[in-house]
Amino acid sequence: MDLETPTAENPHGSPAPPAFDIVSTYRTILESDPDLTMPVAAIEALVEAIAHSTVSTVAETLDLLERHTAVLKKSIPNPISLSAGTDLFQRYLVTTLNRPASLNLGPDDDFRAIRNHLLSNGRLFVERAKASREKIASFGKHFIRDGATVLTNGGSRVVGALLRRAAESSHMRFRVIYVLSPSTSTDSREGHQIVADLRSHNVPVATIPDSAVAYSLGKVDMVIVGAEGVVENGGIISRMGTYQMGLLAKSKGKPFYVVAESHKFVRLYPLSQFDLPIEQKVLDFTVSVVDKGVSSEPNDEGIADMNAEEVRKCSGNTAQDSVDFTPPDLISGIITESGVLTPSAVSEELIKIWF
Amino acid sequence: MSDPPASEAAPPAVPAPAEKKISPAELKKQKAAEKQARRAQQKAEPPAHQQQGPATKQKDSKQPPKDDRSRPLPVRRRASQSNVPVPKDVKKEPKKEVKQVGLFFSHLYSQPRQHSVVGASKDVHPAILALGLQYSSYVICGSTARMVAMLLAFKAVIESYQTPVGTSLARHLTSHHLSPQIDFLRSCRPLSISMGNAIRWLKDIIIKIDPSTPEAEAKREMLEEIDNFIRDRVTAAGQLISGYAVKKIEAGDVILTYGSSSIVEQSILRAHREGIPFSVIVVDSKPLFEGKQLSRKLANHGLKVRYYLITGASHAVKDATKVFLGAHAMMSNGRLYSRVGAALVSMLASSQSLPVIVLCESVKFTERVALDSIVGNEVAPAEELLSESEREALLPLKPLLPQSLRKGDEVEDTKPETGDVLKWIEGSENLQMLQVLYDVTPAEYIDMVITEYGSLPPSSVPVVHRLSTNT
């Protein structure tokens, strides 16, 4: 029904908005610029969508946006980070569209002018979001002291930028322990890239598997992680394994910093790991369904192996891009481009945006 | 107890009139000396003075403290600038504090609760009289219900109000007509935070009325504003909050709640209507047993309800998956001020790492902070602690009473009455009953506060409070 309305209202036969393929636009934008994060790419795609459409009223714009957002969210397995961007953009649109006078467009509220303003501002937003990573790096590098050992994980680009920036300032000597999963996901590929980059900057880096976090924590002075989304209570949603790092760091009294751009703040309030609005099949309880007719020793082993293989395949696939939730009480500070926040300040920032 | 304060209060007061003319600096010096003397005196006989401690302190501070709970201590005003003759007070004081009440809660015993309309000011509107009695007998209970009932009664007051000649509505209504009503309500039961917020809002509305508006129109406007207020801040807010809360209830959950909260009830029923299969544990305690009614209501709607008293709370939390609490108020430091026992329940729950969720309309937010449950609280009549059957159960113990208490009764020696039990307790020196109504839950035991603005961590309470009062 939603799809029909705009075309029905468009008598001059202009191409219907849904003809615009938001998902492929999003994908190409994301691929074209390796520095882009999901929320920014989503916003850029939405700006593109508005630019391609022929909407002429406020309600139509919002409706179009909502439809595209829904399509986009459905197309990817974990829309949390993306929804941070789309929500933000939608919110921005609502506030600007409700107050056209504030745009100084003159008394005559020409929607075309408003739209152009929106488009240019949307692009400006994207520019700013890209620049924020550098700003965060400049804030965050002061947290790394001379002689410190930093523990980090995953392939967060903003963490990479921060560490690189710290390495570039000449007087700093620090070491990095990098938690890398042995898999070949894009995430760990980026991780390897950052490790190589840091090593070329003369930073000693040790890579460890997930299981060695507790072991190496004694040598660690601080933990820095990236985040996919920062939720309302100041907790973060991040790649699987971050929560346990947080727990371990807290139990050993090591500061645990999160680096995230403020467009990753998302209006979500998970109460526990299983309260996230996405389906994750990390816990997959199974029993082996084998006929018990043959039960010789080697055969058994074979079955076990096969099962293990299966499990690895199964949860390996999901655990790679699955996320967990790190509650705010484990987090010492969140470094954003607008400053270093305590976890409780996140909700204030979100309230500022939403009300 | 009765003697020392009087004798102690006398010395600072007597010289005061004589030295009226001396400079402030000298006066200050004098006071410091007095203070030291008093301190020495106190040290000399410490046990007797424990109770008088706060009063003497207030004497020294120049401005009278704003806290109106300390009003019944007449010592304070006399010391700083006094024309009141001393002997009169000496006579008064022993009467006032026959028995030291409430230990460290003594500052909360401001005035006995009014249970009748006798002695009410003639200005008090009948609707308010009725409401006051409903408050004092807990017929209307719960901070939202009390606030709404008060606003509705105020509507009746405003409707029958006529501005006297020579005054303006904005000035006369707030200060002369509304305040006796509020005073009467306060004498029936201390005002809730939400009522205080609503009164502040209403006064603000009235003051802002343009004096040139005809009276009829102004009254109509006010009534409309009150209706809107109730609709926006209570009805609509309740719907929004229950909507958010329902999203947090998942299939198979066991929701634990304490006492009875209208908004929790609304949310649970809504989730039930939406077909989510879950069950409820209601934890309750004496003397109000508010949870009984809640459990009955929920059970009547077909929900599976388990009912515990607070003594079984540690077992109750083991079966629960989430805790929903109502609030009397949310303090600006993120603490929850709620029915006494809520702190216990939430602490037990968070020791089991259950999420504790507070449902609270923003009209109950206050800019005040609470560090403990002692400084600000409400003391209810202690006799409510003993139900009629419990009193009856105590009657056979009469022969065990100390001689001093028994004497009076034995003269008439009729059949024992349950009311006597209260007299025994009142008469006994070393036993007193204390019933406080609220307690404060520290913010770290609260995972989430759901308001009509959305879900927030308790640390964001002041932000939302600012937001809801500014707009």
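Chain B appears in an unreviewed UniProt entry as Translation initiation factor eIF2B subunit delta from Melanomma pulvis-pyrius CBS 109.77. In the Sequence similarities (unreviewed entry) part of its UniProt record, chain B is described as follows: "Belongs to the eIF-2B alpha/beta/delta subunits family." In UniProt, chain B has this text filed under Subcellular location (unreviewed entry): "Cytoplasm, Cytosol".

Going by the annotation in an unreviewed UniProt entry, the name recorded for chain A is Translation initiation factor eIF2B subunit alpha, with Melanomma pulvis-pyrius CBS 109.77 given as the source organism. The UniProt entry for chain A carries this comment under Sequence similarities (unreviewed entry): "Belongs to the eIF-2B alpha/beta/delta subunits family."

Can you break down the overall build of chain A residue by residue, with the values?
Each helix and strand in chain A was counted, giving twelve helices and ten strands. Per-residue burial over chain A gives 46% buried out of 355 residues. In chain A, the proportion of contacts linking residues at least 24 apart, taken out of those at least 6 apart, comes to 78%. Accessible area of chain A: about 17900 Å², with a carbon and sulfur share of 54%.

How would you explain helix H6 (residues 111–140) of chain A if you had to name every residue and give the values?
Note on helix geometry: an α-helix contains 3.6 residues per turn, so any two residues three or four positions apart are oriented the same way. The terminal C-alpha atoms of H6 of chain A, which comprises 30 residues, lie 42 Å apart, in line with the 44 Å expected from a rise of 1.5 Å per residue. The largest bend in H6 of chain A is about 30 degrees, located at Ala131 of chain A.

Summarise the interface of chain B and chain A; cite the residues concerned and give the values.
Taken together, the 17 residues of chain B in the interface contact 13 residues of chain A. Summing the contributions of chain B and of chain A, the shared interface buries around 1200 Å²; its carbon and sulfur component is 61%. If you look at where chain B meets chain A, you find one salt bridge. The shortest N-O distance in the salt bridge between Lys248 of chain B and Asp275 of chain A comes to 3.0 Å. Linking chain B with chain A are six residue pairs in polar contact (both at pLDDT 80 or more).

Explain the layout of surface pockets to me, and be specific about the residues and the numbers.
All names here are of chain A. Size it by volume and the second largest pocket reaches roughly 1600 Å³. Contributing to the lining of the second largest pocket are 48 residues, with Met38, Arg157, Thr186, Asp187 and Glu190 lying nearest its centre. When residues of the lining of the second largest pocket are traced back to their parent elements, those giving at least two are helix H2 (22–32), helix H3 (38–52), H6, helix H7 (157–168), helix H8 (186–200), strand S6 (236–239) and helix H11 (297–321). Looking at side-chain class alone, the lining of the second largest pocket contains 14 nonpolar, 14 polar and 20 charged residues.

Outline unusual backbone geometry, supporting the account with residue identities and numerical values.
Residues and elements named next belong to chain B. A cis amide bond, omega 0 degrees, links Lys286 with the succeeding residue Pro287. Residue position: Pro287 is located in the loop between strand S2 (279–284) and helix H14 (290–300). Even without a glycine there, the phi angle at Tyr138 is positive, about 60 degrees. Mapped onto the fold, Tyr138 is located in the loop between helix H8 (126–136) and helix H9 (143–159). Exposure remark for Tyr138: the relative accessible area of 15% places this residue in the buried category. With phi around 45 degrees, Ser353 is a residue other than glycine that occupies positive phi space. Looking at the element boundaries, Ser353 is found in the loop between helix H16 (342–351) and strand S7 (356–359).

Tell me what's going on with the nonpolar core, and back it up with residues and numbers.
Residue and element names in this part refer to chain B. Counting 38 residues, the largest nonpolar core has Met147, Met150 and Phe154 as its most contacted members. Contributing elements (two or more residues each) for this core: H8, H9, helix H10 (169–188), helix H11 (193–207) and helix H12 (215–248). Here this core takes nine residues from H9, the largest share from any one element. Each residue touching Met147, except ones within four places of it in the same chain, is listed here: Ser194, Met195, Ala198, Phe229, Val234 and Val363.

Mind laying out the sheet that holds S2 of chain B, listing which residues take part and the relevant values?
Residue and element names in this part refer to chain B. In space, the seven strands of this open sheet follow the order S3-S2-S1-S4-S7-S9-S10, with mixed pairing throughout. The open sheet has two edge strands with one neighbour each: strand S3 (304–309) and strand S10 (454–456). Strand-to-strand twist in this sheet, taken as the mean axis angle between neighbours without regard to direction, amounts to 25 degrees. Bridge count between S7 and strand S9 (residues 448–451): three bridges; the pairing is parallel. Opposite Ile357, over in S9, you have Met448 as the bridge partner. Packed onto the sheet, H16 meets strand S1 (254–258), S2, strand S4 (322–325) and S7 and runs at close to 160 degrees relative to S4.

Please set out empty space enclosed by the protein residue by residue, giving values where relevant.
Residue and element names in this part refer to chain A. For the coordinates displayed, the defined rule picks out four cavities of 30 Å³ or more. In this model, the largest cavity occupies a volume close to 50 Å³. Counting residues per element, the ones that place at least two in the lining of the largest cavity are helix H5 (80–98) and helix H12 (343–354). Split by domain, the lining of the largest cavity shows at least three residues from each of two domains, domain 1 (22–131) and domain 2 (144–278 + 318–354).

I'd like a description of the domain arrangement of chain A, backed by residues and values.
Residue and element names in this part refer to chain A. By the assigned domains, chain A splits into domain 1 (22–131) and domain 2 (144–278 + 318–354). A C-alpha centroid distance of 28 Å is found between domain 1 and domain 2. In this complex, domain 1 contributes 19 residues to the contact, which on the side of domain 2 involves 14 residues. For the domain 1 and domain 2 pair, buried surface summed over both sides reaches about 1400 Å², with 65% attributable to carbon and sulfur atoms. Contact with domain 2 buries surface across domain 1, with Asn78, Ile80 and Arg91 losing the most and accounting together for 38% of the total. Inspection of the region where domain 1 meets domain 2 yields zero salt bridges. Remark: the boundary between domain 1 and domain 2 carries zero residue pairs in polar contact (both at pLDDT 80 or more).

Explain the packing of H2 of chain A against H3 of chain A residue by residue, including any values.
Residues and elements named next belong to chain A. At a closest axis distance of 9 Å, the pairing of H2 and H3 adopts a crossing angle of 130 degrees. One way to sum up the angle between H2 and H3 is to call them oblique. Read as a crossing pair, H2 and H3 show a hand that is right-handed. Taking contact as the criterion, the partners of Ile22, Thr25, Tyr26, Ile29 and Leu30 in H2 are, on H3, Met38, Ala41, Ala42, Glu44, Ala45, Leu46, Glu48 and Ala49. Partitioned by chemical class, the residues of the contact of H2 with H3 number ten nonpolar, one polar and two charged.

So what's going on with the confidence of the model for chain B? Residues and values would help.
All names here are of chain B. On average, residues of chain B score 79 in pLDDT, and 75% of them are at 70 or above. Low pLDDT, under 50, characterises residues 1–20; the predicted model gives this stretch 31 contacts beyond four residues in sequence or across chains. Residue range residues 46–97 is modelled with pLDDT below 50. Its contacts to residues more than four positions away, or to other chains, number 72 contacts. We note a pTM of 0.78 for the whole complex and an ipTM of 0.78 for its interfaces.

Reading guide: rules and limits
- Residues numbered from 1 in each chain as written.
- Chains lettered and ligands numbered in written order.
- Predicted model: local features only at pLDDT ≥ 70, side-chain atom pairs only at ≥ 80, totals over all residues.
- Heavy atoms only, no water.
- UniProt positions renumbered as here; feature names shortened; annotations may be inferred.
- Helix = DSSP H or I, 4+ residues; strand = E, 2+ residues; numbered from the N terminus.
- Buried < 20%, exposed > 50% of the residue type's maximum accessible area, 1.4 Å probe, protein only.
- Contact = heavy atoms within 4.5 Å.
- Areas by Shrake-Rupley, 256 points an atom, 1.4 Å probe, with all protein chains shown as cover.
- Expected span 1.5 Å × (residues − 1).
- Bend = angle between axes of the 7 residues up to and from the residue.
- Buried area = accessible area lost by both parts, 1.4 Å probe.
- Salt bridge = Lys/Arg side-chain N within 4 Å of Asp/Glu carboxyl O.
- Polar contact = N/O pair within 3.5 Å; in protein donor to acceptor, adjacent residues only side chain to side chain.
- 1 Å grid on protein atoms, 1.4 Å probe; cavity = no way out; pocket = protein on both sides within 12 Å on 5 of 7 lines; lining within 4 Å.
- Points joined across faces, edges and corners; volume = space filled by probe spheres on them.
- Nonpolar A, V, L, I, M, F, W, Y, C, P; charged D, E, K, R; others polar.
- Core = buried A, V, L, I, M, F, W, Y, C linked by side-chain atoms within 4.5 Å.
- Pairing = 2+ DSSP bridges.
- Axes fitted to C-alpha atoms, helices over the stretch in contact; angles between N-to-C directions.
- Domains from an automatic or database assignment.
- Parallel < 35°, antiparallel > 145°, perpendicular 65-115°, else oblique.
- Left-handed = near helix turned anticlockwise from the far one by under 90°.
- pLDDT = per-residue confidence, 0-100.

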